[in-house]
Amino acid sequence: MKMAAVCGSGLGSSFMVEMNINSVLKELGVTGIEVAHYDMGSATPDLADVFFVGGDLADSAQHLGNVVVLDSIIDMDELREKVKAVCVDNGLL
Amino acid sequence: MNSILNILIDIASTPAILVALIAVLGLGLQKKPISDVVRGGIKTFVGFLVVTAGAGVIEGSLAPFGEMFQHAFNMQGVVPNNEAIVALALTKYGTYTALIMLAGMAFNILIARITRFKYIYLTGHATLYMACMIAVIMSVTKMSAVPLVLVGGLALGLANTIFPAIAQPFTKQITKNDSVALGHTGNFGYALSGFIGKYVGNKEKSTEDINFPKGLSFLRDSTVSITLTMGIVYTIVALFAGNDFISKNLSNGTNYIIYALQQAGMFAAGVFVILAGVRLILAEIVPAFKGISEKLVPNSIPALDCPIVFPYAPNAVLIGFLTSFVGGIVSLFIMIATGTTVIIPGVVPHFFCGATAGVFGNATGGVRGAVVGSFIHGVIISFMPILLMPVMGDLGFQGSTFSDTDYGVTGIFLGKLADMGGQIAVVAGVLAVLALLIGLTVFGKKKVNETKEAA
């Protein structure tokens, strides 16, 4: 399975979320998930199974299909909860 | 023996290989598996070459733009775009950029360790671009290689500590906690916007109480917004330059409007390519830096990219972008009227920096704070490049320049020192700023004096 973080330019914020997703996955002991980051322009639904975006981008990201909206992209607790939910939904936990 | 030395020099002076080796080193230090180290090295190597290729595309679209602008208005027009100018600069100053970036990250960790300014700058592309600008300015002083990298790296490390610090009083108000800082190249402008907002507005009247049309959110996609704005700018200039001039001199007979639109698209394509390359490079270097700094600096505060504050005030993001852009257009007319170099409002800086200035202005002054703060920000990022370009040596005449406020503050500070007293003044200035930080730590003053760095 593949997760991706998306932000406006695909440089800083999405990269940070990607690294945070990686550390959450490590914490949860889930392996075999690829994580990447993209800018809004390059992201297409086939690039990942689930996309994480900040609340301000929720509208622009609708075309991506399976989108998880983060109220705060720096809140590790929120991210942990939402990544965990995705893992549970996909039978990984 | 000599030939081995020559090969070593060739390696060190080929930025693509040097940056790749830095990535290999970072990954090796983290004891990653061999496959990861090899992959990281290769992706960084190719990433650097992708950036260089993108530079060629941008150059190709800026050259005819310059000619059209000159013919139409009989003056020089400059498009501030960090990606464009960095890519152009990297082809010549790539090695110094890579080494200054490495030294700068090390100094950032060291300064965070020994002073009470615990900010670790994690926005990799901002660090890379700032390293690039410092490399250009330091090269103008003709300093020899080792001191150039050390002094330049120290300057970068200081900038990456000070800028998050000056924005922090406002960042805290936005995020409601002190565990994260803002690390982006417009921090000076954001702090200023927050400061202005305090005096002109009322934070009870927040931008977030306005119902904004959702239809504008597609501008968040930088490829779309760059193409649209550049398309408009190129078309206007083409209309003034006229079909005769363009089809005879530039487009090889193609209709002038179609040619203008194509070149605008080329510009956006170049930025797209460069961003792809930057992403490849940073993917390996940033996690290494993060890992190392977490081990070395207890209680450090990560300084992160500007969109971290966007979700706190999405309306202020749009208001900030639009009013900053208006500030840029007003400045454009002032420049045309006064006959200076004309800075064409760049959509990327006005978007990302203007939006963030809007969020800061809103945090302290509500709607009025967001509007006034980001309008003034827009004027500043238009006029600052005029002061910055002359200190950039031969890069001052390339049709593009750095835009965000922190480039201006840092570049003008270093460049003016170099102008006045050459190498010695630059070294003294950088050491003085370091001494100031250490002094503030020792004497435990409450606030960082932001005007010091701006002077």
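An unreviewed UniProt entry lists chain B under the name Ascorbate-specific PTS system EIIC component, with Candidatus Enterococcus palustris as the source organism. Entered under Sequence similarities (unreviewed entry) in the UniProt record, the comment concerning chain B runs "Belongs to the UlaA family." Per UniProt, chain B carries the Subunit (unreviewed entry) text "Homodimer."

An unreviewed UniProt entry annotates chain A as PTS system, ascorbate-specific IIB component originating from Candidatus Enterococcus palustris.

Asks: What should I look at first to understand the pattern of salt bridges in this one?
Replies: Pairing is possible between side chains of opposite charge, provided their charged atoms come close. For the coordinates displayed, the defined rule picks out six salt bridges over all chains. The salt bridge involving R279 of chain B is made with D39 of chain A; its shortest N-O contact spans 3.3 Å. Highlighted residues: R279 of chain B in helix α10 (residues 256-296) and D39 of chain A in strand β2 (residues 34-39), drawn from two different chains. The burial state of R279 of chain B is the same as that of D39 of chain A; both residues are buried. In this structure, D77 of chain A engages R80 of chain A in a salt bridge whose closest nitrogen and oxygen atoms are separated by 3.0 Å. Placement of the pair is D77 of chain A and R80 of chain A together in helix α2 (residues 76-89), with a separation of three residues, close to one helical turn. The partly exposed category is assigned to R80 of chain A, whose relative accessible area is 26%. Through salt bridges that share partners, E27, D77 and R80 of chain A make up one connected network.

Asks: For this particular structure, what's the right way to read the pairing of strand β1 (residues 2-7) of chain A?
Replies: Each regular strand carries side chains that alternate between the two faces of the sheet. Residue and element names in this part refer to chain A. Counting buried residues along β1, six of its six residues qualify, which places the element largely inside the surrounding structure. Burial along β1 is two-sided: K2, A4 and V6 and M3, A5 and C7, pointing in opposite directions, are all buried. Summarising the sheet, β1 and β2 pair through six bridges and their orientation is parallel. Note on β2: the bridge partner recorded for M3 is V35. With three bridges joining them, β1 and strand β3 (residues 50-54) adopt parallel strand pairing.

Asks: Sorry, what's going on with helix α1 (residues 13-28) of chain A here?
Replies: Because an α-helix packs 3.6 residues into every turn, residues spaced three or four apart end up facing the same way. Residues and elements named next belong to chain A. Compared with an ideal rise of 1.5 Å per residue, which puts 16 residues at 22 Å, α1 spans 22 Å between its outermost C-alpha atoms and is within 8% of the ideal. Buried within α1 are the following residues: S13, S14, F15, M16, V17, E18, M19, N20, I21, V24 and L25. Phi for G29, located one or two positions after α1, is positive at around 75°.

Asks: Is there a simple way to think about the sheet that holds strand β4 (residues 301-304) of chain B in this case?
Replies: Working definition: the strands of a sheet are paired by backbone hydrogen bonds and lie parallel or antiparallel to each other. Residues and elements named next belong to chain B. In spatial order, the strands read β2-β4-β3; together these three strands make up an open sheet with parallel pairing. Each having just a single partner strand, β2 (119-121) and β3 (181-182) make up the two edges of the open sheet. The pairing of β2 with β4 spans three bridges and is parallel. What sits directly across from Y119, in β4, is I301. Set on the sheet, helix α6 (residues 145-175) makes contact with β2, β3 and β4; between it and β2 the angle comes to about 115°.

Asks: What's the story with the interface of chain B and chain A in this structure? I'm lost.
Replies: How large an interface is tends to be reported as the accessible area lost when its parts come together. On the chain A side, the residues contacting the 29 residues of chain B number 24 residues. Taken together, the connections running from chain B to chain A amount to one salt bridge. Remark: the boundary between chain B and chain A carries five residue pairs in polar contact (both at pLDDT 80 or more). Contributing elements (two or more residues each) for the side of chain B that touches chain A: α5 (124-140), α8 (222-241) and α10 of chain B. Residue contributions to the side of chain B that touches chain A peak at nine residues, all from α10 of chain B.

Asks: Where do I start with the packing of helix α7 (residues 187-200) of chain B against helix α12 (residues 347-388) of chain B in this structure?
Replies: When two helices pack together, their arrangement is given by the angle between the helix axes and the distance between those axes. Residue and element names in this part refer to chain B. Where α7 meets α12, the closest approach of the two axes is 8 Å, and the angle between their N-to-C directions is 130°. Between α7 and α12, the crossing angle belongs to the class labelled oblique. Split by residue class, the contact of α7 with α12 holds 14 nonpolar, 12 polar and two charged.

Conventions adopted
- Residues numbered from 1 in each chain as written.
- Chains lettered and ligands numbered in written order.
- Predicted model: local features only at pLDDT ≥ 70, side-chain atom pairs only at ≥ 80, totals over all residues.
- Heavy atoms only, no water.
- UniProt positions renumbered as here; feature names shortened; annotations may be inferred.
- Salt bridge = Lys/Arg side-chain N within 4 Å of Asp/Glu carboxyl O.
- Helix = DSSP H or I, 4+ residues; strand = E, 2+ residues; numbered from the N terminus.
- Buried < 20%, exposed > 50% of the residue type's maximum accessible area, 1.4 Å probe, protein only.
- Pairing = 2+ DSSP bridges.
- Expected span 1.5 Å × (residues − 1).
- Contact = heavy atoms within 4.5 Å.
- Axes fitted to C-alpha atoms, helices over the stretch in contact; angles between N-to-C directions.
- Polar contact = N/O pair within 3.5 Å; in protein donor to acceptor, adjacent residues only side chain to side chain.
- Parallel < 35°, antiparallel > 145°, perpendicular 65-115°, else oblique.
- Nonpolar A, V, L, I, M, F, W, Y, C, P; charged D, E, K, R; others polar.

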